[in-house]
Amino acid sequence: MTIESAFELGFDHVRALRRRRPATVIPMKNGLARGVRQASDFLMALQLTGAAKTNSVTNLQIRMPIVVIGGGLTAVDTATESLAYYVVQVEKFLKRYETLVRERARLKFRARWSAEETETAEEFIAHGRAIRAERQAAAQEGRRPSFLDLLIPGEA
């Protein structure tokens, strides 16, 4: 599209924008540390890999608490998508964990886990069970489940 064709289509102005630095590389101390992700990379990985689909085996792991540094729509999208994806993630983890435990002895199954993997798994299992319990309670009470107070204590 040319500037002239834009005006012919009814646009009344054209603006050229240029970034000072790439959007995905923020110059921040420890910005590449383990567990730190750039918002745009997280959002792209979430959407392009289909990680939020229940049948996806994509390796996109997030843990709570989630801290979003910055402002604007990307920050809001990242915070919102993180909370929504975390629920899906721990539910998928719990379901797969329970299936594997049924099929294999629990201790044998967990024997190869490192201390960090065990800690993360216990966290995901506990959160998955809390989310499952909230879904069941909501169904019995005829309401929509509310996960916000489970994910951000004191915020619901």
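Residues numbered from 1 in each chain as written. Predicted model: local features only at pLDDT ≥ 70, side-chain atom pairs only at ≥ 80, totals over all residues. Heavy atoms only, no water.

K.L.:
So what about the packing of aromatic side chains? Which residues, and what values?
P.N.:
With the rule as written, the count across this model stands at four aromatic pairs. Seen from their ring centres, phenylalanine 93 and tyrosine 97 are 6.4 Å apart, and the 5° between their planes marks the pair as stacked. Remark: tyrosine 97 and phenylalanine 93 occur in helix H3 (residues 73–103); sequence separation between them is four residues, near one turn of the helix. Looking at tyrosine 97, the relative accessible area reads 6%, which means it is buried. Through pairs of rings, three or more aromatic residues link up here, namely Tyr86, Phe93, Tyr97, Trp113 and Phe124. (Phe/Tyr/Trp six-rings, centres within 6.5 Å; stacked < 30°, edge-to-face > 60°. Helix = DSSP H or I, 4+ residues; strand = E, 2+ residues; numbered from the N terminus. Buried < 20%, exposed > 50% of the residue type's maximum accessible area, 1.4 Å probe, protein only.)

K.L.:
Quick one: what's the story with the nonpolar core, residue by residue and with numbers?
P.N.:
Ranked by size, the top nonpolar core spans 16 residues in total, and within it Phe42, Leu46, Leu60, Tyr85, Tyr86 and Leu151 carry the most contacts. Counting residues per element, the ones that place at least two in this core are helix H2 (39–49), H3 and helix H5 (115–141). Leaving out residues up to four positions away in the same chain, leucine 151 has contacts with Met64, Leu83, Tyr86 and Val87. (Core = buried A, V, L, I, M, F, W, Y, C linked by side-chain atoms within 4.5 Å. Contact = heavy atoms within 4.5 Å.)

K.L.:
Requested: an account of the environment of valine 36, with residues and values cited.
P.N.:
With respect to the element layout, valine 36 can be found in the loop between helix H1 (3–8) and H2. Valine 36 gets classed as partly exposed once you look at its relative accessible area, which sits at 35%. Taking the C-alpha atoms as reference points, valine 36 and valine 68, 32 residues apart in sequence, are found 9.9 Å from one another. Not counting chain neighbours up to four residues away, the residues in contact with valine 36 comprise Met28, Asn30 and Gly31.

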